[in-house]
Every structure is written in structure tokens, then in C-alpha cells.
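Geometric and topological summary
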Amino acid sequence: MAQDLEKKAEELLDEKTEDKDKDEDSKESKQEKSVEAPEDPIEQLRRLCRGKMKLMIPIRSHGQDVTEIEFDFCALTGVEMMNALDTVPANNIFAISNAQAMALFAAAAEKCAPWVEDGGMRSKLYDGKDIRDRLSAPDFTAALRIAKLFYNASGQAGNNNISKE
């Protein structure tokens, strides 16, 4: 899944389209595609940065095994993103650290966590702390990659919306 996200992010960043067929039909469809308006960058980000990550090693929360974690980076508000990034000291203003990426993924996943009844109280099945503290190394690595893809792709998409006029 992370490889699919990387490929989509690369296409978004490079604005590339891959042509698999080189016969006459593909040339016609290529001309038709060039006539169509390009997809809205926010829609591309929403498609790219939302989904479910199936865990290689389930985590335990509220007495249940959690086998997959939903995430949606575009559901975060700017303040939620800032708060997640500010939980970790930054060394580089041009890129996010692994710790910041994990904080961002945890915030995006917490936002999508399902609700459960626990002793008469409603709460989220897991929160950001559960995700940061309990993910296995392979799952942690995949989460980092997804968060960094979102951060870089959203920054690039945002740059396209800035004019000097």
C-alpha cells in the first residue's frame, strides 16, 4: 500500500502520466486527456492521503486487537496539524523529522478512530498516543512514509496555488 501511495505521490509531484499502449487508440485517448481539465490538486491529495493501513502486527486497545488503522490527513485542520508537529522539536525548517511525521500520522489516524463503549463511557478505540507507542517497527515505518508523502505532496500542491501577482 505504501508503494502505491509513493507512486501516486510521484505522479502528483511530477505531474506525469504513464502511457502503457503506443498504438493509435492510445494516441487518441492521449489527445482526449489533454483536452480534459486537470484534476483539482486537493482531490488528488484526498485520494492519496486517506485510507486504511493493515497492520502487520496488531496492537491492543480497550481489550481488542486492532488489525487496521484508518487515516485521513486532509481531515485534519491546520491547528491540529500544527499541534501534532509542535509536539516534537524541529531541526530543519524544510522537512519534517521522523518523530514529526509519526505525530502527524497519529493525529490523522486518531481523527478516524472508531468509537467504542467501555464501561458505559464512549471513547475512541485508540488515540494518537496508542499509535505512537504500540505500532511495530514495520508498521511504524509504513506510517512514517505515508505521513512524509502527505507533507511533501501537500506542500508541492500548495506551491502551485501561489502567484506572484
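The notes below deal with the structure included here.

Conventions we followed
- Residues numbered from 1 in each chain as written.
- Predicted model: local features only at pLDDT ≥ 70, side-chain atom pairs only at ≥ 80, totals over all residues.
- Heavy atoms only, no water.
- Helix = DSSP H or I, 4+ residues; strand = E, 2+ residues; numbered from the N terminus.
- Contact = heavy atoms within 4.5 Å.
- Axes fitted to C-alpha atoms, helices over the stretch in contact; angles between N-to-C directions.
- Parallel < 35°, antiparallel > 145°, perpendicular 65-115°, else oblique.
- Nonpolar A, V, L, I, M, F, W, Y, C, P; charged D, E, K, R; others polar.
- Pairing = 2+ DSSP bridges.
- Phe/Tyr/Trp six-rings, centres within 6.5 Å; stacked < 30°, edge-to-face > 60°.
- Buried < 20%, exposed > 50% of the residue type's maximum accessible area, 1.4 Å probe, protein only.
- Polar contact = N/O pair within 3.5 Å; in protein donor to acceptor, adjacent residues only side chain to side chain.
- Salt bridge = Lys/Arg side-chain N within 4 Å of Asp/Glu carboxyl O.
- Core = buried A, V, L, I, M, F, W, Y, C linked by side-chain atoms within 4.5 Å.

Here the focus is the environment of F73. One can find F73 in the loop between β2 (64–72) and α4 (78–86). Between the C-alpha atoms of F73 and F105, which are 32 residues apart in sequence, the distance is 7.6 Å. With residues near it in sequence (within four places) discarded, F73 still touches C49, L104, F105, A108, I146, A147 and F150.

With that out of the way, let us pick up the packing of helix α3 (residues 41–48) against helix α7 (residues 137–159). Here α3 crosses α7 at 175°, and the two axes come no closer than 10 Å. In terms of their interaxial angle, α3 and α7 are classed as roughly antiparallel. Between α3 and α7, the residues in contact are P41, L45 and L48 and A153, S154 and A157, respectively. In terms of residue class, the contact of α3 with α7 is made up of 5 nonpolar, 1 polar and no charged.

Right, let's get into the pairing of strand β4 (residues 121–124). Two strands pair when backbone bridges link them, and strand β3 (residues 115–118) and β4 are joined in this way by 4 bridges, in the antiparallel orientation. Residue D118 lies in a different strand from β4, and its bridge partner there is M121. Between β3 and β4, which pair antiparallel one after the other, the connecting turn spans 2 residues, and G119 there sits at a positive phi close to 65°.

This part is about the packing of aromatic side chains. All chains considered together, the criterion is met by 4 aromatic pairs. Consider the rings of F71 and F105, whose centres lie 5.6 Å apart with planes at 45°: the pair is tilted. Residue F71 is found in strand β2, and its partner F105 is found in helix α5 (residues 98–112); the two are separated by 34 residues along the sequence. Neither residue differs from the other here; F71 and F105 are each classed as buried.

Negative phi is the rule for most residues except glycine; trans is the rule for most peptide bonds. Positive phi, normally seen in glycine, also occurs at H62, with a value near 55°. Mapped onto the secondary structure, H62 falls in the loop between β1 (50–61) and β2. In this structure H62 comes out as partly exposed when scored by relative accessible area, which is 37%.

The topology assignment puts D72 in strand β2. Within polar-contact distance, the side chain of D72 engages the backbone nitrogen of C74 at 3.1 Å. When near neighbours in sequence (up to four residues on either side) are disregarded, D72 contacts C49, R50, A108 and C112.

In this section: the environment of Y126. Tracing the backbone shows Y126 in the loop between β4 and α6 (128–134). C-alpha separation for the pair Y126 and K111, spaced 15 residues apart in sequence, amounts to 9.8 Å. Apart from residues no more than four positions distant in its own chain, Y126 is found in contact with S61, V66, E68, I69, E70, A109, E110, A113, P114 and I131.

Under the criterion given, the structure shown has 7 salt bridges. Across the salt bridge formed by E80 and K111, the nearest N and O atoms sit 2.9 Å from each other. Placement of the pair is E80 in helix α4 and K111 in helix α5, with a sequence separation of 31 residues. Here E80 falls in the partly exposed class, since its relative accessible area comes to 31%.

M53, I69, F73, F105, I131 and L135 are the most contacted members of the largest nonpolar core, which totals 38 residues. The dominant element in this core, judged by the number of residues it contributes, is α5, at 9 residues. Contacts of I131, omitting those with residues within four sequence positions, involve I69, M102, F105, A106, A109, E110 and Y126.

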